[in-house]
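Descriptive structure summary
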Amino acid sequence: LTPRGPCHVAGRLNPAAPWEEFLLPPDPPTPGATARNPLGCPGGPEGGHRLLVTGLHACGDLSPALLRHFARSPAVAAVASVACCYMKLSTLPQPPGRPVGYPLSAWVAGLPGHELSYRAREAACHALDEYVGRLRRESGCLRAHCYRAVLETLIRAADPGKKHPGVQTVKKAHALSFAQYARLGLPRVGLDPAAVPLESEAVGAMLEQQHKVVAFFSLTQLLAPLVETLILLDRLLYLREQGFQCALVPLFDPRFSPRNLVLVAARAPLGAVLSGLDGDSSEDGDSSEDGDTDAGGAEPPREGQT
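Residues numbered from 1 in each chain as written. Predicted model: local features only at pLDDT ≥ 70, side-chain atom pairs only at ≥ 80, totals over all residues. Heavy atoms only, no water.

1. Section: the overall build of the protein chain
For the protein chain, the helix and strand inventory stands at nine helices and four strands. Secondary structure elements of the protein chain occur, N-terminal to C-terminal, as β-α-β-α-α-α-α-α-α-α-β-β-α. The buried share of the protein chain, reckoned over its 306 residues, is 40%. Within the protein chain, residue pairs in contact and separated by at least 24 positions form 66% of the contacts whose partners lie at least 6 positions apart. Only carbon and sulfur atoms are counted for the fraction: they give 56% of the accessible area of the protein chain, which is about 17600 Å². (Helix = DSSP H or I, 4+ residues; strand = E, 2+ residues; numbered from the N terminus. Buried < 20%, exposed > 50% of the residue type's maximum accessible area, 1.4 Å probe, protein only. Contact = heavy atoms within 4.5 Å. Areas by Shrake-Rupley, 256 points an atom, 1.4 Å probe, with all protein chains shown as cover.)

Structure, rendered in structure tokens:
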């Protein structure tokens, strides 16, 4: 056999675009040329092959966009989605006609109180098992949570419009002093460290509250699996409402990677696909194997289902 490497294609993915415009090149074609979907026409790629669309740690709205394209594209035989960055999901309200990342399903959208705050969605992205280990070891890494809380307080004081500042992770933050940490973080949100008091008595008093920050963060971690489950079940129910068979599969130990739940769906029965996996994932409450779900709407989870 002659091995052939993967073919990498860069393109835009518009969740509202038809399949013909899936993954169009990010730059306009040369004059006189026509932009072409690298995956083929709506009926499938050239040669009659069918596609498996996968998303590995697909960030924010990218995961819902892949599911929408799967639902309306006959050329895609199956989809496997591992999500990430739930805090970047778009939520209601949105401009008319613009798709949202959460909720996807009509069933969850009809639930009273289904809304998820930015903070709740952000907490769902953390690694619970890893955090438990840090607590047991009383790891110095826990200091970074207090550093981040104090830094965000200073950022909001300097610029009240920055409610969720996207401060990138500072490597080995726990090994730095807070002033060193802040001088690295403030420029990333467009603030001058020299204009922000970093060694005042007020900052010192906030840093002494580290134990309270860790306790609060620990409580949010207890609720994180609940939020992630709601988001993933919303996606599963969306696919059921479209008439597809689907399942949420815990594919590996979450200590290896916290995003271990894989949403799989296909236009054919999943039994043969899932039969080789460990456990009884294809028979639990998160899968649909009987194929009798109407395309017009799925039934809500029955009592006793996970």
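Once you've had a look at it, read on.
2. Details of the sheet that holds strand 4 (residues 261-266)
Taken in spatial order, the four strands line up as 1-2-4-3 in an open sheet, and their pairing is mixed. Bordering the open sheet on either side are strand 1 (51-59) and strand 3 (245-250), each of which pairs with just one other strand. If you compare each strand with its neighbour and ignore which way they point, the axes differ by 15° on average. With four bridges connecting them, strand 2 (residues 76-84) and strand 4 associate as antiparallel partners. Within strand 4, the residue paired with Val-79 across the bridge is Ala-265. Each of strand 1, strand 2 and strand 4 touches helix 1 (residues 62-72); the most contacted strand, strand 2, lies at about 170° to it. Of the strands in this sheet, strand 2, strand 3 and strand 4 are in contact with helix 8 (residues 210-241), which crosses strand 3 at around 160°. (Pairing = 2+ DSSP bridges. Axes fitted to C-alpha atoms, helices over the stretch in contact; angles between N-to-C directions.)

3. Remarks on the nonpolar core
Considering soluble globular proteins, one finds that nonpolar side chains tend to be buried as a cluster. If you look at the biggest cluster of nonpolar residues, it comprises 33 residues, and the most contacted ones within it are Leu-67, Phe-70, Tyr-86, Ile-231 and Leu-239. Sorting the residues of this core by element identifies strand 1, helix 1, strand 2, helix 8, strand 3 and strand 4 as the ones contributing at least two each. Element by element, the count of residues in this core is highest for helix 8, at eight residues. Among all residues touching Ile-231, those that are not within four sequence positions of it are Tyr-86, Leu-89, Tyr-102, Leu-116 and Arg-121. (Core = buried A, V, L, I, M, F, W, Y, C linked by side-chain atoms within 4.5 Å.)

4. Overview of unusual backbone geometry
Glycine aside, the phi torsion of most residues is negative, and most peptide linkages are trans. Following Leu-92, the chain continues into Pro-93 via a peptide bond in cis, with omega recorded as 0°. Within the secondary structure, Pro-93 sits in the loop between strand 2 and helix 2 (106-109). Cis geometry is adopted by the peptide bond preceding Pro-103, which originates at Tyr-102 and carries an omega value of -5°. If you trace the backbone, Pro-103 turns up in the loop between strand 2 and helix 2. Phi angles above zero are rare outside glycine, and Glu-138 is one such case at about 50°. Mapped onto the elements, Glu-138 comes out in the loop between helix 4 (128-137) and helix 5 (143-158).

5. A closer look at helix 1
Counted residue by residue, helix 1 has nine buried out of 11 residues, so it is predominantly covered. Listing the buried residues of helix 1 in full gives Ser-63, Pro-64, Ala-65, Leu-66, Leu-67, Arg-68, His-69, Phe-70 and Ala-71. Tucked into the core, helix 1 has its buried residues touching strand 1, strand 2, helix 8 and strand 4.

6. Here we look at the pairing of strand 3
Within strand 3, five of the six residues are buried, leaving the element largely enclosed by the surrounding structure. The pairing of strand 3 with strand 4 spans six bridges and is antiparallel. If you follow Pro-250 over to strand 4, its bridge partner there is Leu-261.

7. Observations regarding the packing of helix 5 against helix 6 (residues 178-185)
The geometry of helix 5 relative to helix 6 is characterised by a closest axis approach of 11 Å and an angle of 55° between their N-to-C directions. With respect to helix 6, the axis of helix 5 lies oblique. Note that helix 5 runs across helix 6; the crossing there is right-handed. Contact residues: Tyr-147, Arg-148, Val-150, Leu-151 and Leu-154 in helix 5; Phe-178, Tyr-181, Ala-182 and Gly-185 in helix 6. In the contact of helix 5 with helix 6, the residues fall into seven nonpolar, one polar and one charged. (Parallel < 35°, antiparallel > 145°, perpendicular 65-115°, else oblique. Left-handed = near helix turned anticlockwise from the far one by under 90°. Nonpolar A, V, L, I, M, F, W, Y, C, P; charged D, E, K, R; others polar.)

8. Here we look at the state of the cysteines
Taken as a whole and judged by the stated rule, the model has zero disulfides. Free of any disulfide, Cys-85 has its nearest neighbouring cysteine sulfur in Cys-59, separated by 3.4 Å. For Cys-85, a relative accessible area of 17% gives the class buried. (Disulfide = S-S within 2.5 Å.)

9. Observations regarding a nonpolar patch on the surface
Where nonpolar side chains cluster on the molecular surface, the patch consists of Leu-219, Leu-222, Leu-223 and Leu-226 and spans about 460 Å² of accessible area. Here Leu-226 shows up in helix 8. (Patch = residues over 30% accessible without salt bridge, like charges linked within 9 Å, V, L, I, M, F, W, Y side chains within 5 Å. Salt bridge = Lys/Arg side-chain N within 4 Å of Asp/Glu carboxyl O.)

10. A short note on the packing of aromatic side chains
Within the structure shown, the criterion is met by six aromatic pairs. Aromatic pair Phe-70 and Phe-244: ring centres 4.7 Å apart, planes at 45°, arrangement tilted. Pair noted here: Phe-70 is in helix 1 and Phe-244 is in the loop between helix 8 and strand 3, with a separation of 174 residues, a long-range link. For the pair Phe-70 and Phe-244, a shared accessibility class is recorded, and that class is buried. Put simply, the rings of Tyr-147, Phe-178 and Tyr-181 pair up and form one aromatic cluster. (Phe/Tyr/Trp six-rings, centres within 6.5 Å; stacked < 30°, edge-to-face > 60°.)

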